[in-house]
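What follows is the residue order along each chain.
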Amino acid sequence: MPRTEHPRVEHADHPISRAGSVSRTSARPQTPTGVEVLVPGAPGAPVVLITECDHDTFDAEIAVARQAGVELRLAQARTTEELVTAAAGAAGLVVQYAEISAAVLDALPGLQVVSRYGVGVDSVDVAAAAARGVTVCNVPDYGTEAVSDHAITLALTASRGVARLDRGVRAGRFDLQAVRPVGQVRGSVFGVVGVGRIGHATALKARGLGYEVLGFDVLAPDADGELHGVPVAPLDEVLRRADVVSLHTPLTAATHHLVGRRELALMKPTAVLVNTSRGGVVDTDALVAALGEGRLRAAGIDVHEEEPVPVGHPLTRLENVTLTPHLAWYTEESYTELKRRTVENAVEAIAGRVPRNVVTEEAR
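Here's a quick rundown of the structure. Computed from a prediction, not measured in an experiment: that's the story for all the values here.

Moving on, we get to the sheet that holds strand 6 (residues 135–137). Spatially, the six strands line up as an open sheet ordered 1-3-2-4-5-6, and their pairing is mixed. The open sheet terminates on both sides in strands that have one partner only, identified here as strand 1 (36–39) and strand 6. When strand polarity is set aside, the average angle formed by the axes of neighbouring strands in this sheet is 20°. Sheet contacts for helix 1 (residues 59–68): strand 1, strand 2 (47–51) and strand 3 (71–75); angle to strand 1, the most-contacted strand, approximately 70°. Lying over the sheet, helix 11 (residues 332–350) contacts strand 2, strand 4 (92–95), strand 5 (113–116) and strand 6, oriented at roughly 165° with respect to strand 5.

In this section: the nonpolar core. Judged by nonpolar contacts, the single largest core of 31 residues is most densely connected at Leu 264, Leu 273, Leu 287 and Leu 296. Within the residue set of this core, elements represented by two or more residues are strand 7 (189–193), strand 8 (212–216), helix 8 (235–241), strand 11 (244–247), helix 9 (261–266), helix 10 (284–292) and strand 13 (298–301). Top contributing element to this core by residue count: helix 10, with five residues. In contact with Leu 296, not counting residues within four places along its chain, are Leu 264, Met 267, Lys 268, Pro 269, Ala 271, Leu 273, Leu 287, Ala 290, Leu 291 and Asn 320. Core analysis: the next-biggest nonpolar cluster, separate from the first, contains 30 residues, Val 94, Tyr 117, Tyr 142 and Trp 329 among them.

A separate point is helix 5 (residues 144–160). Its 17 residues give helix 5 an end-to-end C-alpha distance of 24 Å, which sits within 8% of 24 Å, the value for a rise of 1.5 Å per residue. Judged by how many residues are buried, helix 5 sits mostly within the fold: 12 of 17 residues are covered. Taken residue by residue, helix 5 has Thr 144, Ala 146, Val 147, Ser 148, His 150, Ala 151, Ile 152, Leu 154, Ala 155, Thr 157, Ala 158 and Ser 159 as its buried positions. Phi turns positive one or two residues past the end of helix 5, at Gly 161, with a value near 65°.

Moving on: the sheet that holds strand 11. Overall, parallel pairing links the six strands, which are arranged 8-7-11-12-13-14 in an open sheet. Looking at which strands have only one partner, the edges of the open sheet turn out to be strand 8 and strand 14 (321–323). The sheet shows a mean angle of 15° between the axes of neighbouring strands, taken without regard to direction. Pairing of strand 7 with strand 8, which is carried by five bridges, proceeds in the parallel orientation.

Taken as a whole, this structure holds five aromatic pairs when the rule is applied. Here Phe 190 and Tyr 211 contribute two aromatic rings whose centre-to-centre distance is 5.1 Å and whose plane-to-plane angle is 65°, an arrangement assigned as edge-to-face. A residue pair is termed long-range when its members are at least 10 positions apart, and Phe 190 in strand 7 and Tyr 211 in the loop between helix 7 (197–209) and strand 8 qualify at 21 residues. A ring pair is formed by Tyr 330 and Tyr 335, whose centres lie 5.8 Å apart and whose planes are at 65°; its orientation type is edge-to-face. Owing to a relative accessible area of 24%, Tyr 330 belongs among the partly exposed residues under this scheme. Of the aromatic side chains, those joined through ring pairs into one cluster are Tyr 142, Trp 329, Tyr 330 and Tyr 335.

Another aspect to go through is the pattern of salt bridges. Overall, the coordinates contain 18 salt bridges when judged by the stated rule. Here Lys 205 ties to Asp 149 by a salt bridge, and the two come within 2.5 Å at their closest N and O atoms. Of the two residues, Lys 205 is situated in helix 7 and Asp 149 in helix 5; the sequence distance between them amounts to 56 residues. Relative accessible area serves as the criterion here: at 24%, Lys 205 is assigned to the partly exposed category. A salt bridge links Arg 341 to Glu 337, with the nearest nitrogen and oxygen atoms 2.7 Å apart. In this pair, Arg 341 and Glu 337 are both assigned in helix 11, four residues apart and thus about one turn of the helix distant. When its relative accessible area of 23% is taken as the criterion, Glu 337 is described as partly exposed. One continuous salt-bridge network, built from bridges that share partners, spans Asp 141, Glu 337, Arg 341 and Arg 356.

Cut-offs used in this document
- Residues numbered from 1 in each chain as written.
- Predicted model: local features only at pLDDT ≥ 70, side-chain atom pairs only at ≥ 80, totals over all residues.
- Heavy atoms only, no water.
- Pairing = 2+ DSSP bridges.
- Helix = DSSP H or I, 4+ residues; strand = E, 2+ residues; numbered from the N terminus.
- Axes fitted to C-alpha atoms, helices over the stretch in contact; angles between N-to-C directions.
- Contact = heavy atoms within 4.5 Å.
- Core = buried A, V, L, I, M, F, W, Y, C linked by side-chain atoms within 4.5 Å.
- Buried < 20%, exposed > 50% of the residue type's maximum accessible area, 1.4 Å probe, protein only.
- Expected span 1.5 Å × (residues − 1).
- Phe/Tyr/Trp six-rings, centres within 6.5 Å; stacked < 30°, edge-to-face > 60°.
- Salt bridge = Lys/Arg side-chain N within 4 Å of Asp/Glu carboxyl O.

Interpretation in functional terms is not warranted from these geometric data alone.
Right, here's the structure in full:
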């Protein structure tokens, strides 16, 4: 049975064209099943398979595999059957979009590790993997600086109406009225929802600009005083007080539509919402309504409930929204680090060592 397609798993990486890198279209050996061999291994060497990945080059992964002495393969498996066939005999899977279900794990009894490009592991049945002794890894901190930079950029862009002003100038309009009122940073409150690595980095950058910072974390909702050096308060208080609300929380059952109609109604009509975390953390329909009815000043959105955003989507028709295509994670540095560390995690697990980032421990 074909598995459900997910054009964009939350926090997945987008295709990046990198001039001068080794192209995946180069002629390389293939297995009898059509799987491309990126790094041939010696007889008996463990096999790591990269599957359903839209990266156009694999230089970093190849370098890690060569040094570790593992065979590295690539297959764009689109169904469960294709995935299982391509991964037969593999000790490790490196995945971007592929869904790794209990059924897939049962069909691959020799599998030792699933290592995912990125932060979220929504597409992997972590509990099933833990029960079967399969290690699941991610790279939770590769984009900390990139995402926090982007969150600040969206906050300032949306607050000052930069994108709207740019469109006006291009059309021959010099119109300040279109973006009034514009407030200054100093004296404004920057709310951070999710005080983890990225939220904390964003809070520090916002504070450096002159914002008063106030945080909330869903994993520590009753935290009093400070959390990781950030003053915290209940979510409703953060929403009421903040001039900018920046979201940095994972997508779970508890955080799905964490910001919906009720929460948006608590925010100041002059406030700005920024989301660089997960599309599903915000109720998009409620956000469109709040922005369209003037109950919220503006928004800067990098992650979306449906990706890519359909042409003509209501968000794209609003002048007070700045949209980016799920690229907050990207810098040249973060991209290379992500690719290298994802394969390093798989190699470490296969070698019997504890990888740097393991998410299955909590499910054991």
